[in-house]
Amino acid sequence: MEAMSNTVKGWRENPVKFARSHGVSLSPETEEPHSEDKRIHILIVEGFLIYNYKPLIDIYDKCFYISIPYEECKRRRSTRTYTVPDPPGLFDGHVWPMYLKHRKEMANNCNGIEYIDGMTSKDDIYNRVYESVHNSLLNKL
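If you're wondering where the values come from, they're calculated on a predicted model, not measured in any experiment. (Residues numbered from 1 in each chain as written. Predicted model: local features only at pLDDT ≥ 70, side-chain atom pairs only at ≥ 80, totals over all residues. Heavy atoms only, no water.)

(A) Inspection of the packing of aromatic side chains at higher detail. The final tally for this structure, using the stated rule, is seven aromatic pairs. With a centroid separation of 5.9 Å and an interplanar angle of 65°, the aromatic rings of Tyr 65 and Tyr 115 are classed as edge-to-face. Note that Tyr 65 is positioned in strand 1 (residues 63–67) and Tyr 115 in strand 2 (residues 113–117), a separation of 50 residues in sequence. Look at Trp 96 and Tyr 99: their rings are 4.6 Å apart centre to centre, the planes differ by 35°, and that puts the pair in the tilted class. With Trp 96 and Tyr 99 both in helix 6 (residues 90–109), this residue pair falls three residues apart, about one helical turn. Under the relative-accessibility criterion, Tyr 99 is labelled partly exposed at 22%. Following the ring pairs from residue to residue traces out a cluster consisting of Tyr 70, Phe 91, Trp 96 and Tyr 99. (Phe/Tyr/Trp six-rings, centres within 6.5 Å; stacked < 30°, edge-to-face > 60°. Helix = DSSP H or I, 4+ residues; strand = E, 2+ residues; numbered from the N terminus. Buried < 20%, exposed > 50% of the residue type's maximum accessible area, 1.4 Å probe, protein only.)

This is the structure we're talking about:
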């Protein structure tokens, strides 16, 4: 988590330099002189414990959390193929209890999370996030 935090801070200091140093292709507009003054850079940080690490929580502008109910989570996990299969009882005995523990910690540590129903379509989820980010950017202009 510390390495992730340092990476995010490096990106925030200079997104264009960061992208170049990590082999990310930039659009021609980004390469124009003084384009930094008019460009908006967006970094998406994804992970299931990203709202449980205080140094990262303090730098997020937007927070989204997609959740699904127990039954659906268990069903989806049972359809995955792992190199080493889950032993019997792992989901109910460890995976789900740890999810509940970390979700409670997250809710206590991170204000302003927008909760999204993971049972809705991918398009609906995308549109909701896009609209929220877009509105935030419009409010900053």
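Further notes follow.
(B) Focus on helix 6. Taking 1.5 Å of rise per residue, 20 residues should cover 28 Å, and helix 6 covers 27 Å from first to last C-alpha, within 8% of that figure. Along helix 6, the residues classified as buried are Phe 91, Trp 96 and Met 106. In the core, the buried residues of helix 6 are packed alongside strand 1, helix 5 (70–79) and strand 2. (Expected span 1.5 Å × (residues − 1). Contact = heavy atoms within 4.5 Å.)

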